[in-house]
Amino acid sequence: MQTNDIQLVRLYTSKTAGGVQDDTPAELGGSPQPEFYLNIVAEAGDNLGDLKAAYTLYVRATSTSGGSTTFTRQVLSETVTDGQYGWRDLKNNNGYSKDARLLVKSSDFPKGDIYQFVAIIQAGNGIVSKTVSNEFIA
């Protein structure tokens, strides 16, 4: 990773009980769950973390099967700061790593459709990175 870069590495859903990718996060063993996680993994270059660089993270959900969702688009203004927003310093000028979770309401996703999250990160230096989550069934 270049010292001034920032990128989204992975975006995936999981149940509140675990951190493994889950294609049916709104259900656990046949029982409906009120919420689940959207896990966000990102990396930033050493310079961005050292400067506590600001960025904006945009998260939205879509139905890939033609349904609709009431999930409200999230716009998060954050900084690459060790110990905040899920960021940690990898030390020895190896950059920063983000591992964060966004709690999502299952009721935002009507049953019987297939959904996917899209995330875009934009830094003040003009860097933009996009990733999509696994598809999941509500």
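This structure is a prediction, so every number in the text was calculated from the model and none was measured. (Residues numbered from 1 in each chain as written. Predicted model: local features only at pLDDT ≥ 70, side-chain atom pairs only at ≥ 80, totals over all residues. Heavy atoms only, no water.)

With that settled, consider the sheet that holds strand β4 (residues 35–44). Each strand in a sheet pairs with another by means of backbone hydrogen bonds, the pair being arranged parallel or else antiparallel. Strand order in this open sheet of 4 strands is β1-β4-β8-β7, and the pairing throughout is antiparallel. Strands with a single pairing partner mark the edges of an open sheet, and in this sheet they are β1 (6–15) and β7 (87–89). The average undirected angle you get between the axes of adjacent strands in this sheet is 20 degrees. Where β1 meets β4, 9 bridges bridge the pair, whose relative direction is antiparallel. Across the sheet, Ile6 pairs through a bridge with Ala44, a residue of β4. (Pairing = 2+ DSSP bridges. Helix = DSSP H or I, 4+ residues; strand = E, 2+ residues; numbered from the N terminus. Axes fitted to C-alpha atoms, helices over the stretch in contact; angles between N-to-C directions.)

Under the definition given, this model contains 3 salt bridges. With a closest N to O distance of 3.7 Å, Glu27 and Lys111 form a salt bridge. In this pair, Glu27 sits in strand β2 (residues 27–28) while Lys111 sits in the loop between β8 (96–105) and β9 (114–123), placing the two residues 84 residues apart along the sequence. For Lys111, a relative accessible area of 60% translates into the label exposed. (Salt bridge = Lys/Arg side-chain N within 4 Å of Asp/Glu carboxyl O. Buried < 20%, exposed > 50% of the residue type's maximum accessible area, 1.4 Å probe, protein only.)

Let's shift gears to the packing of aromatic side chains. Two aromatic rings, taken as a pair, are described by how far apart their centres are and by the angle between their planes. Applying the stated criterion across every chain yields a total of 10 aromatic pairs. On the numbers, 5.9 Å between centres and 50 degrees between planes, the contact of Phe36 with Phe109 is tilted. In this pair, Phe36 is assigned in strand β4 and Phe109 in the loop between β8 and β9, connecting sequence segments 73 residues apart. Summarising the burial analysis for this pair, Phe36 and Phe109 share the class buried. Taking 6.0 Å as the distance between ring centres and 80 degrees as the angle between the ring planes, the aromatic pair formed by Tyr55 and Trp87 counts as edge-to-face. (Phe/Tyr/Trp six-rings, centres within 6.5 Å; stacked < 30°, edge-to-face > 60°.)

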